[in-house]
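Chain residues, written in single-letter form:
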Amino acid sequence: MRHGRTELLYLDDSYLREFEAEVIDVRENGVILGATAFHPTGGGLVSDTGFIAHSRGVSRVSEARFVDEGVLHVLEGDLPEVREVVRGTLDWERRYRIMRMHTSLHALSAVVSRETGALVTGNQVRPDVSRVDFSLETLDRELIRRLVDRTNSLLAEGRPVRISWIPREEALKIPGITKLADRLPPELEVWRVVEIEGIDLQADGGPHVRNTAEIGRIEVVDFESKGRRNKRVYFTLSEPE
């Protein structure tokens, strides 16, 4: 699948760490590539970072962003030339941590939604501490902690995580295919659907781990009430055993 002129390689392979691509445009602060494994800022996820090696040296990718023409890679250092083939390398430690966080957020959101009926009203996935907001009227900390424990038990079972592409009309028939409140379904003919076996099935465009055994344990950091029907949970992850 493409965004503008950029093929989004991470949609099919979240574990792709390096890739080669042609520079299709050079801007003042970076380049647009014909393909990328860098996940841009969006969907609640912070951007990947890393490096692009080219004829003038190696430049750091400080952020990737969606723009109309494709994915803009913001660079620190010299810029390559148009039509040059460059090599991108992700900061894998950061990306893998984001993948683990992202999959754990899906699992926790599914468990909370199933037990309380709450939808996700916002989220931010970061490599250190992430957050998720739920449409809950009451901030019941003990209930959330019990649901986190329930989620951790499911994650420890080593559930496989699968990616599939489903026609939009078929996907819309799946109950709970989107758990985001106040968000219209994507206007795409084919949806990318992420399944955490026995836990969650959801339309999603971000990177995920292949198995929940890779995640570790969700650890609650803090709670915050953001309004009458908006309760926020901050969490981090322990390292898997």
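For the structure, check the block above.
Residues numbered from 1 in each chain as written. Predicted model: local features only at pLDDT ≥ 70, side-chain atom pairs only at ≥ 80, totals over all residues. Heavy atoms only, no water.

In this structure the tally under the stated criterion is 23 salt bridges. Notably, a salt bridge pairs Arg56 with Glu81, separated by 3.0 Å at the nearest N-O pair. Taken as a pair, Arg56 in the loop between β6 (50–54) and β7 (57–67) and Glu81 in the loop between β8 (70–76) and β9 (85–90) lie far apart in primary sequence, 25 residues in all. For Arg56, a relative accessible area of 47% puts it in the partly exposed group. The partner of Glu76 in a salt bridge is Arg60, and the shortest N-O contact between them spans 3.5 Å. Here Glu76, found in strand β8, pairs with Arg60, found in strand β7; they are 16 residues apart in sequence, far enough to count as distant. According to the relative accessible area criterion, Glu76 is partly exposed, its value standing at 45%. Three or more residues are tied together by salt bridges with common partners; here these are Arg5, Asp25, Arg27 and Glu69. (Salt bridge = Lys/Arg side-chain N within 4 Å of Asp/Glu carboxyl O. Helix = DSSP H or I, 4+ residues; strand = E, 2+ residues; numbered from the N terminus. Buried < 20%, exposed > 50% of the residue type's maximum accessible area, 1.4 Å probe, protein only.)

With that settled, consider the environment of Arg131. Among the structural elements, Arg131 can be located in strand β11 (residues 130–134). Here Arg131 falls in the buried class, since its relative accessible area comes to 18%. Separated by 124 residues in the primary sequence, Arg131 and Glu7 place their C-alpha atoms 29 Å from one another. In contact with Arg131, not counting residues within four places along its chain, are Leu105, Gly122, Asn123, Gln124, Arg232, Val233, Tyr234 and Phe235. (Contact = heavy atoms within 4.5 Å.)

Glancing now at the side chain of Ser47. In this fold, Ser47 is placed in the loop between β5 (35–36) and β6. Polar contacts involving the side chain of Ser47 include one to the main-chain amide nitrogen of Ala64, which spans 2.7 Å. Contacts of Ser47, omitting those with residues within four sequence positions, involve His39, Pro40, Thr41, Glu63, Ala64, Arg94 and Ile98. (Polar contact = N/O pair within 3.5 Å; in protein donor to acceptor, adjacent residues only side chain to side chain.)

This paragraph deals with the sheet that holds β5. Taken in spatial order, the 3 strands line up as β1-β2-β5 in an open sheet, and their pairing is mixed. The outermost strands of the open sheet, each flanked by one partner alone, are β1 (2–3) and β5. Relative to strand β2 (residues 6–8), β1 runs antiparallel, the two being bridged by 2 bridges. Note on β2: the bridge partner recorded for Arg2 is Glu7. (Pairing = 2+ DSSP bridges.)

If you walk around this closed barrel you meet the 6 strands as β3-β4-β8-β7-β6-β9, and the pairing is antiparallel. Between one strand axis and the next, the sheet turns through 45° on average, direction left out of account. (Axes fitted to C-alpha atoms, helices over the stretch in contact; angles between N-to-C directions.)

This brings us to the environment of Glu115. Structurally, the position occupied by Glu115 is in helix α1 (residues 92–116). Through-space distance from the C-alpha of Glu115 to that of Leu147 is 8.2 Å; in sequence the pair is 32 residues apart.

The next thing to look at is helix α2 (residues 141–155). Its 15 residues place the ends of α2 21 Å apart at the C-alpha level, agreeing with the 21 Å of an ideal helix rising 1.5 Å per residue. Considered for burial, the residues of α2 that qualify are Ile144, Leu147, Val148, Thr151, Asn152, Leu154 and Leu155. Each buried residue of α2 lies within a common arc of 155° when the element is viewed along its axis, so the set occupies one face. Contact partners of the buried residues in α2: α1, β15 (218–225) and β16 (231–237). (Expected span 1.5 Å × (residues − 1). Arc of directions from axis to C-beta.)

Per the counting criterion, the structure on display carries 4 aromatic pairs. Aromatic side chains Phe19 and Phe38 sit 5.9 Å apart centroid to centroid with 75° between the ring planes, which places their arrangement in the edge-to-face category. With Phe19 in strand β3 (residues 18–27) and Phe38 in the loop between β5 and β6, this residue pair connects regions lying 19 residues apart in the sequence. Accessibility assignment for this pair places Phe19 and Phe38 in one class, buried. Look at Trp92 and Tyr96: their rings are 5.5 Å apart centre to centre, the planes differ by 20°, and that puts the pair in the stacked class. Remark: Tyr96 and Trp92 occur in helix α1; sequence separation between them is 4 residues, near one turn of the helix. Here a set of aromatic residues connected by ring pairs shows up, and it is made of Tyr15, Trp92 and Tyr96. Over the ring of Tyr15 we find Arg210; its NZ or CZ atom is 3.7 Å from the centre of that ring. (Phe/Tyr/Trp six-rings, centres within 6.5 Å; stacked < 30°, edge-to-face > 60°. Lys NZ or Arg CZ within 6 Å of the ring centre and 35° of its normal.)

Geometric values such as these leave the question of function open.
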